[in-house]
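Overview (structure and organization)
If you want the building blocks of each chain, they are given just below.
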Amino acid sequence: MQKIDLNHKVIFVTGAAGFIGSNLVKRLFNDVEGATIVGIDNMNDYYDVSLKEYRVKELEAVSLKNKDNSWAFVRGDIADKAAIDGLFCQYHFDVVVNLAAQAGVRYSITNPDAYIQSNLIGFYNILEACRHSMDKQDGGYQGVQHLVYASSSSVYGGNKKVPFSTDDRVDNPVSLYAATKKSNELMAHCYSKLYDIPSTGLRFFTVYGPAGRPDMAYFGFTNKLLKGETIQIYNYGNCRRDFTYVDDIVEGIVRVMQGAPERKKGDDGLPIPPYAVYNIGGGQPENLLDFVNILQEELVRSGVLPQNYDFEAHKQLVPMQPGDVPTTYADATALERDFGFTPKITLREGLRAFAQWYKDYYCK
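What comes next is a walk through the structure. (Residues numbered from 1 in each chain as written. Predicted model: local features only at pLDDT ≥ 70, side-chain atom pairs only at ≥ 80, totals over all residues. Heavy atoms only, no water.)

Glancing now at the packing of helix H3 (residues 81-91) against helix H5 (residues 112-133). Running from N to C, H3 and H5 point in directions that differ by 30°, and their axes come no closer than 10 Å. By the angle class used here, H3 and H5 are roughly parallel. At the point where H3 passes H5, the crossing takes the right-handed sense. Contacts between H3 and H5 involve Lys81, Ile84, Asp85 and Phe88 from the former and Asn125, Ile126, Glu128, Ala129 and Cys130 from the latter. Taken together, the residues that form the contact of H3 with H5 break down as five nonpolar, one polar and three charged. (Axes fitted to C-alpha atoms, helices over the stretch in contact; angles between N-to-C directions. Helix = DSSP H or I, 4+ residues; strand = E, 2+ residues; numbered from the N terminus. Parallel < 35°, antiparallel > 145°, perpendicular 65-115°, else oblique. Left-handed = near helix turned anticlockwise from the far one by under 90°. Contact = heavy atoms within 4.5 Å. Nonpolar A, V, L, I, M, F, W, Y, C, P; charged D, E, K, R; others polar.)

In structure tokens:
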């Protein structure tokens, strides 16, 4: 593994106004010195844009308080090749973290174009820019030293073997979203092999937390309960999810950014792909009904919902939806082995933080 000191580096974070991206940028401001951090986001309306604007304002506030690092935010799309190439030429990035993607399993069933544009064409543009960064090695610039990118637990599809291991075959996606994420891993492997680009894919498992994505179950449930509507619990409650709090995800990303797969030559004199894939998940899948009960308790505790709220009257058990899987369960032993990290924040701690944020943001 090649160690990378993030201090005084030029770091590119795509999807910087997104849930994980914005939290990563805040963490980098706290952890590194003398860095130039550049973020890009197309600010699309897949969910409430005002939430993305809120995150961007938070980043601007953090950057004003932290004078050790510089911050630049670009409203742009990674599917715009000219824009991406221009940024790589302007900034000479050392580390790239690609978090920009069209997310959501069910949305991919009705809106496939968005996934092709962002997750395939956009990721291709990032790979090409990383490749050509190697052509600009002058004045001490070495090109991109490490590409870290978001994959997803969705790549495991209907895998019945648990926990899910990165050694498992993942050739049977059950959604286009999952197929694009698996494609990202294949494309990155190809570029690592052909152009000696160190790349690491991270398979995220059901990320949640304050200022998260409103299309995620915990956020959608809260919105509906607050309006007095009924929440639908799929597969009659017999779903298990390996929920991972956003701070744990960010901790994993930051550690991985600092450890690039090592460049080596094989017996044939050609590069052995400097390529790796890791799971980041809590390793403790929770039953969806237990999850809902904890969420309800924390919403009452924070004052989002009244003490006498009739939860049973607002629950409906329904069949599994197309594209969903009954269980996600991460085997994260490789992450612990190589980076000394395992997610630690409990579901109750995480949902308590979300409920308090929700009250402060929506219930003023």
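Picking up after the structure, the text goes on.
A few words on the environment of Gly281. Note on placement: Gly281 falls in the loop between strand S15 (275-280) and strand S16 (286-287). The sequence separation of Gly281 and Thr244 amounts to 37 residues, and the corresponding C-alpha distance is 5.5 Å. Not counting the four nearest positions on each side in its chain, Gly281 is found in contact with Phe205, Asp242, Thr244, Ala330, Ala332 and Pro343.

Take the nonpolar core next. Of all hydrophobic cores here, the largest spans 71 residues; its most connected members are Leu24, Leu28, Phe204, Tyr218, Ile253 and Met257. In contact with Leu24, other than residues within four places in its own chain, are Val13, Val97, Leu99, Val250, Ile253, Val254 and Met257. (Core = buried A, V, L, I, M, F, W, Y, C linked by side-chain atoms within 4.5 Å. Buried < 20%, exposed > 50% of the residue type's maximum accessible area, 1.4 Å probe, protein only.)

Enumeration over the complete set of coordinates arrives at 18 salt bridges. Here Asp31 ties to Arg27 by a salt bridge, and the two come within 2.6 Å at their closest N and O atoms. Of this pair, Asp31 and Arg27 both sit in helix H1 (residues 19-31), four residues apart, which is roughly one turn of the helix. Classification of Arg27 by relative accessible area gives partly exposed; the value is 22%. The residue Lys182 makes a salt bridge to Glu185 at a minimum N-O spacing of 4.0 Å. Of this pair, Lys182 and Glu185 both sit in helix H6 (residues 176-195), three residues apart, which is roughly one turn of the helix. (Salt bridge = Lys/Arg side-chain N within 4 Å of Asp/Glu carboxyl O.)

Moving on, we come to the packing of aromatic side chains. Counted by the stated rule, this structure contains 35 aromatic pairs. Judged by centre distance (6.1 Å) and plane angle (85°), the rings of Tyr208 and Phe243 are edge-to-face. Linking Tyr208 in strand S8 (residues 207-208) with Phe243 in the loop between strand S10 (240-241) and strand S11 (244-245), this pair joins segments that are 35 residues apart in sequence. Of the two residues, Tyr208 and Phe243, neither departs from the other in class, the shared state being buried. Each member of the aromatic cluster is reached from another via a ring pair, and the members are Tyr54, Tyr208, Tyr218, Phe219, Phe243, Tyr245, Phe291, Phe354, Trp357, Tyr358, Tyr361 and Tyr362. The lysine or arginine in question, Lys52, covers the ring of Tyr47, its NZ or CZ lying 4.6 Å from the ring centre. (Phe/Tyr/Trp six-rings, centres within 6.5 Å; stacked < 30°, edge-to-face > 60°. Lys NZ or Arg CZ within 6 Å of the ring centre and 35° of its normal.)

As a further point, take helix H2 (residues 49-65). Taking 1.5 Å of rise per residue, the 17 residues of H2 would be expected to cover 24 Å, and the 25 Å separating its terminal C-alpha atoms lies within 8% of that figure. When H2 is considered as a whole, its buried residues turn out to be Leu51, Lys52, Arg55, Val56, Leu59 and Ser63. Along the long axis of H2, the arc covered by the buried residues comes to 140°, so they all point the same way. Away from the buried face of H2 by more than 90 degrees, exposed residues Lys57, Leu64 and Lys65 are located. Where H2 is buried, its residues touch H1, strand S4 (70-75), helix H7 (217-226) and helix H11 (347-362). (Expected span 1.5 Å × (residues − 1). Arc of directions from axis to C-beta.)

We now examine the sheet that holds strand S2 (residues 10-14). Taken in spatial order, the seven strands line up as S4-S3-S2-S5-S6-S7-S15 in an open sheet, and their pairing is parallel. Every other strand in the sheet has two partners, leaving S4 and S15 as the edge strands with one partner each. Direction aside, neighbouring strands of the sheet carry axes that sit 15° apart on average. The strands touched by helix H8 (residues 246-257) are S2, strand S5 (95-98), strand S6 (146-152), strand S7 (199-204) and S15; relative to S7, the strand with the most contacts, the crossing angle is about 170°. (Pairing = 2+ DSSP bridges.)

With that settled, consider unusual backbone geometry. Across the junction of Val162 and Pro163, the peptide omega takes the value -5°, indicating a cis bond. In this model, His92 sits at a positive phi of 55°, which is unusual for a non-glycine residue. Turning to its location among the elements, His92 is positioned in the loop between H3 and S5. Positive phi, normally seen in glycine, also occurs at Asp196, with a value near 60°. Note on placement: Asp196 falls in the loop between H6 and S7. Classification of Asp196 by relative accessible area gives buried; the value is 17%.

This paragraph deals with the pairing of strand S3 (residues 36-41). Here S3 lies mainly inside the structure; five of its six residues are buried. The pairing of S2 with S3 spans five bridges and is parallel. Across the sheet, Phe12 pairs through a bridge with Val38, a residue of S3. Following the backbone out of S2, through H1 and into the adjacent parallel S3, one traces a crossover that is right-handed. (Right-handed = clockwise from strand over helix to strand, strands pointing away.)

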